[in-house]
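For reference, the chains in residue letters:
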Amino acid sequence: HPVNGDTINEQYYGYFNGLCPDLNLDNPKVREEILDIAKFWLNDVKVDGFRMDAARHIFTDDRATDNHEFWVWFRKEMEAIKPDVYLVGEVWSDAKTVAPYLKGLPSLFNFDLGYAITNVAASGVDTIGLVKRYKEISDYYKSITTEYLDATFIKNHDQTRLLTELKGDENKARVAASLLLTVPGTPYIYYGEEIGVLGDKLKTYEDFFGPDAYVREPFVWDVEKKDAMQTSWEKPEFSTDKTVVPYKVQEANPESLFNFYRHLIRYRNSSLPLTLGEIEYSPINLSEIVSFKRIYEQDQELVVHNVSDVEVTIKMEGELSRFDKTEYSSKEGYILKDGELRVPAFSTVILE
């Protein structure tokens, strides 16, 4: 039963947990069974790897070292089955708590970056130093292991939907997507973000499963049930064909949010600096602008995001004067001329 509308009664939660027995991972037979299951998926089904949920809760909180060691063991066994296995883990915590898991799970979800991107997109100014924050986290992890692969994302299945948090402002949602898809790492996009699916984690609910259900509603494929395969096992409250423009409609509209994602992903995949390059600071110092360089060997690209609701003019002098060719723009109206770059509101320009 809810308390104050949005928290679980501790007694009820404890009772519920008591109905869900955990695995005894101290037992060798349990671990053998885990390996048999993994062999089935890796060898027979041919999956590439696994996403490990709640990785810090394999053992109880007072056995953190055992948690770390379990994932080292797990990784070693998975690589024995499939040398190029891909493992990504969820450790929802601060960087210092996350760091010890890197030896077992070299790819971990970057929650701090997701919060930072949402903050900048919502406020329309970069008051938190997004690039500096990203580099500090990334450099810290890389000091622990050179094999670190950053799993970047904005929202997941446990959080309020991006467009809901941004109060329905699609321009800000596009800014957030642009930031995600231009920083280093392997970006993850939670299903539905690409069409603007809605959902409020904090909505008052009546049962234990309520809050997550509101951010996991069915994808909106088409209008008025035209798609016979439309999911119907759950009746949506936030995302219907009346509140979200369906996929089929957006697919046909070149200016839609869906095609915005598609075009940016296509460009990212074609760019070596964006897919494989390092990130370095840009000399641009304006609160409305998030800017950085992406560098891969001899190739360099300057990424300029205007996260505000006004046009911004940047003097392309000194080091910036070298970037004189436009590779990508998210919106028409930008001007690169006479030593100046004019960037429209809520838009991205990438220069070479």
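Every chain is numbered on its own, with residues counted from 1 as its sequence reads. Per-residue local features are limited, in this predicted model, to residues with pLDDT of at least 70; the limit for side-chain atom pairs, both in listing and counting, is 80 or more; totals at the level of whole chains, interfaces and linings are taken over all residues. To obtain the side-chain values, all non-hydrogen atoms of the structure were included, while hydrogens and water were left out.

Draft legend 1. View of the overall build of the protein. Secondary structure counts use DSSP, requiring at least four H or I residues in a row for a helix and at least two E residues in a row for a strand, with both numbered from the N terminus. The helix and strand inventory of the protein stands at 12 helices and 15 strands. Each radius of gyration reported is based on C-alpha atoms, and the globular scaling rule is 2.2 Å times the count of residues to the power 0.38. Relative to its length of 352 residues, the protein is compact, with a C-alpha radius of gyration of 22 Å against a globular reference of 20 Å. For the protein, the spread of C-alpha atoms along the three principal axes comes to 70 × 50 × 40 Å. Here the protein, with 352 residues, has 45% of them falling under the buried criterion. Note on areas: Shrake-Rupley with a 1.4 Å probe; residue coverage comes only from the protein chains shown. Of the roughly 18,600 Å² of accessible surface on the protein, a fraction of 51% belongs to carbon and sulfur atoms. Only four residue types enter the charge count, namely Lys and Arg as positive and Asp and Glu as negative; His and the chain termini do not. Working definition for charges: the position is that of NZ of Lys, CZ of Arg, CG of Asp or CD of Glu. Of the charged side chains in the protein, 40 are positive and 60 negative; the average position of the first set lies 2 Å away from that of the second. Note on classification: 1.4 Å probe, protein chains only; a residue is buried when its accessible area is under 20% of the maximum for its type, exposed when over 50%, partly exposed between these limits.

Draft legend 2. Expanded view of the nonpolar core. Core analysis: the largest hydrophobic core is formed by 45 residues, its most contacted members being Ile117, Leu130, Leu179, Ile195, Val290 and Phe292. Elements with a minimum of two residues in this core: helix 5 (111–123), helix 6 (130–144), helix 7 (162–165), helix 8 (170–180), helix 11 (257–270) and strand 9 (289–296). Take the buried Ala, Val, Leu, Ile, Met, Phe, Trp, Tyr and Cys residues and link them wherever side-chain atoms come within 4.5 Å; each set so joined is a nonpolar core. Ranked by size, the runner-up nonpolar core spans 29 residues in total, among them Ile58, Phe74, Ile81 and Val85.

Draft legend 3. Expanded view of unusual backbone geometry. The phi dihedral of lysine 46 is positive, around 70°, even though this residue is not glycine. Its place among the elements puts lysine 46 in the loop between helix 2 (28–44) and strand 3 (49–52). You can call lysine 46 exposed: its relative accessible area is 61%. Positive phi outside glycine occurs at lysine 167, with the angle close to 55°. For lysine 167, the location among the structural elements is in the loop between helix 7 and helix 8. Looking at lysine 167, the relative accessible area reads 78%, which means it is exposed.

Draft legend 4. Structural view of the packing of helix 5 against helix 6. Lines fitted to C-alpha atoms define the axes here, with helix axes fitted over just the stretch in contact, and angles between the N-to-C directions of these axes take values from 0 to 180 degrees. For the pair helix 5 and helix 6, the least separation of the axes is 10 Å and the interaxial angle reads 180°. Taken as axis vectors, helix 5 and helix 6 run roughly antiparallel relative to one another. Of helix 6, the residues touching helix 5 (which contributes Asp112, Leu113, Ala116, Ile117 and Val120) are Leu130, Arg133, Tyr134 and Ile137. Residue composition of the contact of helix 5 with helix 6, grouped by class: 7 nonpolar, no polar and 2 charged. Oblique is the label for every angle not falling under 35 degrees (roughly parallel), over 145 degrees (roughly antiparallel), or within 65 to 115 degrees (roughly perpendicular). Note on contacts: a residue pair is in contact if any heavy atoms of the two residues lie within 4.5 Å. In the scheme used here, Gly and all other residues not listed as nonpolar or charged are polar, with Ala, Val, Leu, Ile, Met, Phe, Trp, Tyr, Cys and Pro taken as nonpolar and Asp, Glu, Lys and Arg as charged.

Draft legend 5. Local environment of a nonpolar patch on the surface. Only residues whose relative accessible area exceeds 30% and that take part in no salt bridge are eligible for patches, with like-charged residues grouped when within 9 Å of each other and nonpolar side chains (Val, Leu, Ile, Met, Phe, Trp, Tyr) grouped when within 5 Å. A carboxyl oxygen of Asp or Glu within 4 Å of a side-chain nitrogen of Lys or Arg is what we treat as a salt bridge. There is a patch of nonpolar side chains on the surface, built from Ile37, Phe40, Trp41 and Val45 and spanning about 350 Å² of accessible area. Along the chain, valine 45 turns up in the loop between helix 2 and strand 3. A residue is classified by how much of its surface remains accessible, and valine 45, at 37% relative accessible area, is partly exposed.

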